[in-house]
Structures are given as C-alpha cells and as structure tokens.
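Residue-level structure breakdown
Spelled out, the chains give:
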Amino acid sequence: MKRSKITIDYDEEADVLYLSFGDPVKAVTEEMGDIGIRINENTSEIVGVTIINFLKNLKKKNEPIELSV
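Quick word on the pairing of strand 5 (residues 46–52)
As paired elements, strand 2 (residues 16–21) and strand 5 share five bridges and run antiparallel to each other. If you follow Ser20 over to strand 5, its bridge partner there is Gly48. Where strand 4 (residues 35–40) lies against strand 5, five bridges are found, and the strand directions are antiparallel. Across the sheet, Gly36 pairs through a bridge with Thr50, a residue of strand 5. Here strand 4 hands over to strand 5 after five residues, with Ser44 in that stretch at a positive phi of 65 degrees.

Right, here's the structure in full:
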C-alpha cells in the first residue's frame, strides 16, 4: 500500500517523537527499548514509530540538535 504522507509530532514535555505513516488506523505497538513500532493488525504494515527520550538520546552523541516541528 502506498503511503501519501508522514505526520511528525513532538511532545517536548515528555520528549517523545511520533511518526505516523498515512491516515490513522488501529494498530498494536511492538516495543524495543525506547522505540515503539506501530503495526496495522489487519495488514501487518508498519503505520508509525514512537521514539521515547528522543532528544535525550540524540544529545548523548554530542552532536548539535535542531528540531523544528
């Protein structure tokens, strides 16, 4: 299935980045540490990604960070 859009949301207070692929659909989340992969139960397609401690983890790499959402 072709996805026509990617939605990016960032919750600064919780330091969580949300990526959604296409229109919202019911999904289950498979957690892998600070990353959650959202999977459509009917098609097994990845429909989103959630990254917890997004900026905290990036700053550990000592690289400049600029986030504009």
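What about the pairing of strand 4?
As paired strands, strand 3 (residues 27–32) and strand 4 are joined by six bridges and run antiparallel to one another. Looking across to strand 4, one finds that Glu31 is bridged to Gly36. The antiparallel hairpin formed by strand 3 and strand 4 contains two residues in its connecting segment, where Gly33 sits at a positive phi of about 65 degrees.

Describing the sheet that holds strand 4
As summarised here, the arrangement of the five strands in space is 1-2-5-4-3, forming an open sheet in which the pairing is antiparallel. Single-partner strands in this sheet number two, and they are strand 1 (6–11) and strand 3. Taken pair by pair, the neighbouring strands of this sheet meet at an average axis angle of 15 degrees, ignoring direction.

Comments concerning the pattern of salt bridges
For side chains bearing opposite charge, pairing can occur when the charged atoms are close. Tallied over the entire structure, the rule returns one salt bridge. Between Asp23 and Lys5 there is a salt bridge, and its shortest N-O distance comes to 3.3 Å. Of this pair, Asp23 sits in the loop between strand 2 and strand 3 while Lys5 sits in the segment before strand 1, and the two are 18 residues apart along the sequence. Overall, the relative accessible area of 52% leaves Asp23 in the exposed class. The exposure class of Lys5 is partly exposed, given its relative accessible area of 40%.

Description of the side chain of Asn40
One can find Asn40 in strand 4. Looking at Asn40, the relative accessible area reads 10%, which means it is buried. In this structure the side chain of Asn40 is engaged in a polar contact, spanning 2.7 Å, whose partner is the backbone nitrogen of Asn42. Non-local contacts of Asn40, meaning those with residues more than four positions away in its chain, are made with Val25, Lys26, Ala27, Glu45 and Val47.

Conventions adopted
Residues numbered from 1 in each chain as written. Predicted model: local features only at pLDDT ≥ 70, side-chain atom pairs only at ≥ 80, totals over all residues. Heavy atoms only, no water. Pairing = 2+ DSSP bridges. Helix = DSSP H or I, 4+ residues; strand = E, 2+ residues; numbered from the N terminus. Axes fitted to C-alpha atoms, helices over the stretch in contact; angles between N-to-C directions. Salt bridge = Lys/Arg side-chain N within 4 Å of Asp/Glu carboxyl O. Buried < 20%, exposed > 50% of the residue type's maximum accessible area, 1.4 Å probe, protein only. Polar contact = N/O pair within 3.5 Å; in protein donor to acceptor, adjacent residues only side chain to side chain. Contact = heavy atoms within 4.5 Å.

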